Protein chains: 2
Amino acid sequence: MTAGMAAPGFPAPIVTADMVILALRDGTLNVLLIQRAAPPFAQNWALPGGFIHADEDADIEAAARRILKDKTGVDSPYLEQVQTVGNGTRDPRGWTVSIVYMALIAADSAALASGANAADVKWWALQGAPPLPGLAFDHTEILAACVKRLRNKVEYTTLPVHLLPARFTLPDLQALYERILDRKMDKSAFRKRMAEANFLEPVMGEKRAASNRPAQIYRLRDGCATIFFDRTM
Amino acid sequence: MTAGMAAPGFPAPIVTADMVILALRDGTLNVLLIQRAAPPFAQNWALPGGFIHADEDADIEAAARRILKDKTGVDSPYLEQVQTVGNGTRDPRGWTVSIVYMALIAADSAALASGANAADVKWWALQGAPPLPGLAFDHTEILAACVKRLRNKVEYTTLPVHLLPARFTLPDLQALYERILDRKMDKSAFRKRMAEANFLEPVMGEKRAASNRPAQIYRLRDGCATIFFDRTM
DNA sequence: CAAATAGTGTCTTTGAGACAATATATC
DNA sequence: GATATATTGTCTCAAAGACACTATTTG
């Protein structure tokens, strides 16, 4: 904030928080969309979002968490502020500002709920079978920017772990990296990377069932946030 | 944007754009601060900023450019949206949202102007002699986050060129990297990096005066935005 | 030519990737 | 044991850093 007096002489823009909620379903990235119940863009699919409640939300991130919880029931996801867009043309009602957050959650932790203002809530695969519909407002561009950011960060961080359930194997994790980056990676080099990042710990005694050698199960080490690698993948 | 009706039933938060304007003066990073003329925080130093003019600014970035131009006269800097902060406590007047931009400019291109709402405008060194004053609002934290982001990006991008004048030498550039990152770098490796990034072109025939071998002068190649290295510095 | 800094070349070490070998389950 | 995948080890190659050498200017 800065310059001025109490309230500016012109109307303040409307401020909303919009969520790009991503999860892994059947091995592919999915985004959570809502079908709008009211105009503008009624019936259109859009990113979940909502106004900031000055009396209820302590800060912007709290608003983002509230919206996420409303739609998915998920409480503590990986949450990251991605960008803020604002102009006079993106919403027919006038100058609006949207603060965009990306949330990564484990698909099995979500329990969808439409709630107010939404006719429907659904997961959509980012690629493949039912192509993504055109979205309301500038949400198509916002989503694209978000996914681009995710792909970029996956190159040099441990972000993908947040898309897996709490317990997972190294082959699971490698397959996920390969899915998101759309290229094969060397098993040996991948494991060396993960080992030196030192953010996983084996869950002793547990294995995974199959007709072959079972894989060690891991979980995030306590207090390990996202790790940045020294080098890119 | 998203959910709802025409206008929310609660007052919209005030929205401002705040600028972290950085330049290199006497070899050290400086930030441009204004001294506030009006309450709250009258007399305190703060980041330049201002309300978004819905009728005048096409979008948020245009507002940021307008503020920058007002204070420095600079037209086309490196400009990057850094973060958006918003809560009910950062401004005594109520819930506010601030969209923070970082601008990198060449010191020689700026012509400071106080303009409205500012008693004074001044460059402050980030480190050294006159220590930075405590800033109004949460601007101290915002500035710190910005500088952290800059240092981080300098590790893997060509960002620092925007702090130099249009024509500069490789030793100039290396010294700047070393200043910002606060460590010595190998001349040979540094030059290899810059060469393979392929974003500079030599200005033929020109050299630099001194009592030693003159350095080749370079400029940014046409159409070269910030380059991301494959590896970190 | 002495001083000072610009610019280049060489050697060593590190780390990533390719690929092979070994380990451990089920059937 | 046959099969399938997990996990580890080895070899090769390329890039980064350390460091030394050459180049070019002024006084």
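Residues numbered from 1 in each chain as written. Chains lettered and ligands numbered in written order. Predicted model: local features only at pLDDT ≥ 70, side-chain atom pairs only at ≥ 80, totals over all residues. Heavy atoms only, no water.

**Observations regarding the protein's contact with DNA strand C**
For the record, the criterion: Here a residue counts as near a molecule or strand whenever at least one of its heavy atoms sits within 4 Å of it. Polar contact is the term for a pair of N or O atoms within 3.5 Å; when the atoms are in protein, one must be able to donate a hydrogen and the other to accept it, and sequence-neighboring residues count only if both atoms are side-chain atoms. Every helix listed is a DSSP run of H or I at least four residues long, and every strand listed is a run of E at least two residues long, numbered separately from the N terminus. Polar here means any residue other than Ala, Val, Leu, Ile, Met, Phe, Trp, Tyr, Cys and Pro, which are nonpolar, and Asp, Glu, Lys and Arg, which are charged; Gly is therefore polar.
By nearness alone, 19 residues border DNA strand C, and Arg213 of chain A together with Lys187, Arg191, Asn212 and Gln216 of chain B come closest of all. Within 4 Å of the protein, atoms of DNA strand C come from sugar and phosphate in 59% of cases. Between DNA strand C and Arg191 of chain B, the relevant distance is 2.7 Å, taken from a phosphate oxygen to a side-chain nitrogen or oxygen of the residue. At 2.9 Å, a side-chain N or O of Asn212 of chain B approaches a sugar or linking oxygen of DNA strand C. Among the elements that line the surface near DNA strand C, the one with the most residues is helix H4 (residues 187-197) of chain A, at four residues. Broken down by class, the residue content of the surface near DNA strand C amounts to six nonpolar, six polar and seven charged.

**Structural notes on H4 of chain A**
Turn by turn, an α-helix covers 3.6 residues, leaving residues three or four places apart pointing in a common direction. All names here are of chain A. Selection criterion: Each residue gets one of three labels from its accessible area relative to the maximum for its type: buried under 20%, exposed over 50%, partly exposed in between, using a 1.4 Å probe on protein chains only. Of all possible arcs, the one meant is that of the directions from the helix axis to the C-beta atoms.
Within the sequence span of H4, burial applies to Phe190, Arg193, Met194 and Ala197. Within H4, the buried residues cover an arc of 90° as seen down the axis, which keeps them to one side. Those residues of H4 that are exposed and aimed more than 90 degrees away from the buried face are Lys192, Ala195 and Glu196. For H4, the capping residue at the N-terminal end is Asp186, with a side-chain oxygen 3.1 Å from the backbone nitrogen of Ser188. Positive backbone phi, approximately 60°, marks Asn198, located one or two places after H4.

**Comments concerning the interface of chain A and chain B**
Test applied: Contacts are assigned to residue pairs with any non-hydrogen atoms lying within 4.5 Å of each other. Using a 1.4 Å probe, buried area is obtained as the accessible area two parts lose upon being combined, added over both of them. Salt bridges are defined as contacts in which a side-chain nitrogen from Lys or Arg sits within 4 Å of a carboxyl oxygen from Asp or Glu.
Facing the 51 residues of chain A at the interface are 51 residues of chain B. Of the roughly 4,000 Å² buried between chain A and chain B, counting both surfaces, carbon and sulfur atoms make up 61%. The tally of links between chain A and chain B comes to zero salt bridges. When contributions to the side of chain A that touches chain B are tallied by element, the ones reaching two or more residues are strand S1 (14-25), strand S4 (49-51), strand S5 (78-87) and strand S6 (96-104) of chain A. Along the lines of polarity and charge, the residues of the side of chain A that touches chain B split into 25 nonpolar, 17 polar and nine charged.

**Here we look at the domain arrangement of chain A**
Residues and elements named next belong to chain A. Selection criterion: Note that the domain bounds were set by an automatic or database domain assignment.
Parsing chain A into structural domains produces domain 1 (14-154) and domain 2 (159-220). Here domain 1 and domain 2 have C-alpha centroids that lie 28 Å from each other. Taken together, the contact between domain 1 and domain 2 spans 16 residues of the former and eleven residues of the latter. Taken together, the links from domain 1 to domain 2 amount to two residue pairs in polar contact (both at pLDDT 80 or more). Counting residues per element, the ones that place at least two in the side of domain 1 that touches domain 2 are S1, strand S2 (28-36) and helix H2 (139-154). Looking at the side of domain 1 that touches domain 2, the element that brings in the most residues is H2, giving four residues. Within the side of domain 1 that touches domain 2, the residues separate by chemical class into ten nonpolar, two polar and four charged.

**Notes on the relation of the copies chain A and chain B**
The test is simple: Least-squares superposition aligns the copies on the C-alpha atoms of those residues with pLDDT at or above 70 in both.
Once chain A is rotated about the relating axis by 180° and shifted along it by 0.0 Å, it coincides with chain B to within an RMSD of 0.0 Å. As the rotation angle and translation indicate, the two copies are arranged about a two-fold axis. Using C-alpha coordinates, one finds that chain A approaches the rotation axis most closely at Arg231 of chain A, a distance of 2.9 Å. Counting the interface residues of chain A, we find that 100% of their copies in chain B are interface residues as well, pointing to one common contact surface.

**So, the pattern of salt bridges**
All names here are of chain B. Applying the stated criterion across every chain yields a total of 24 salt bridges over all chains. Among the ionic pairs, Glu61 bridges to Arg65, the shortest N-O distance being 2.9 Å. In this pair, Glu61 and Arg65 both sit in helix H1 (residues 60-72), four residues apart, roughly one turn of the helix. Taking relative accessible area as the criterion, Glu61 reaches 32% and is therefore assigned partly exposed. Notably, a salt bridge pairs Glu155 with Arg183, separated by 3.0 Å at the nearest N-O pair. Of this pair, Glu155 sits in the loop between helix H2 (139-154) and strand S8 (168-169) while Arg183 sits in the loop between helix H3 (170-181) and helix H4 (187-197), and the two are 28 residues apart along the sequence. Arg183 gets classed as partly exposed once you look at its relative accessible area, which sits at 33%.

**Observations regarding the packing of aromatic side chains**
Selection criterion: Any pair of Phe, Tyr and Trp rings, taking the six-membered ring for Trp, is counted once the centres come within 6.5 Å. Such a pair is stacked with planes under 30 degrees apart, edge-to-face with planes over 60 apart, and tilted for the rest.
Taken as a whole and assessed by the stated rule, the structure comprises nine aromatic pairs over all chains. Each ring, one from Tyr156 of chain A and one from Tyr156 of chain B, has its centre 6.5 Å from the other, and the planes form 40°; the classification is tilted. Of the two residues, Tyr156 of chain A sits in the loop between H2 and strand S8 (168-169) while Tyr156 of chain B sits in the loop between H2 and S8, which places them in two different chains. Measuring from centroid to centroid gives 4.7 Å for Phe41 of chain B and Phe137 of chain B, while their planes differ by 55°, and the two rings are tilted. Residue Phe41 of chain B is located in the loop between strand S2 (28-36) and strand S3 (45-46), and its partner Phe137 of chain B is located in the loop between strand S7 (118-125) and H2; the two are separated by 96 residues in the primary sequence. Relative accessible area serves as the criterion here: at 31%, Phe41 of chain B is assigned to the partly exposed category. For Phe137 of chain B, a relative accessible area of 10% translates into the label buried.

**Considering the protein's contact with DNA strand D**
In the vicinity of DNA strand D, 20 residues are found, and the nearest of them are Lys187, Arg191, Asn212 and Gln216 of chain A together with Arg213 of chain B. One nitrogen or oxygen atom from the side chain of Arg191 of chain A is found 2.6 Å from a phosphate oxygen belonging to DNA strand D. A distance of 3.3 Å is found between a base nitrogen of DNA strand D and a side-chain nitrogen or oxygen belonging to Asp186 of chain B. When contributions to the surface near DNA strand D are tallied by element, the ones reaching two or more residues are H4 of chain A together with H4 of chain B. At four residues, H4 of chain B tops the list of elements feeding residues into the surface near DNA strand D. Broken down by class, the residue content of the surface near DNA strand D amounts to six nonpolar, six polar and eight charged.

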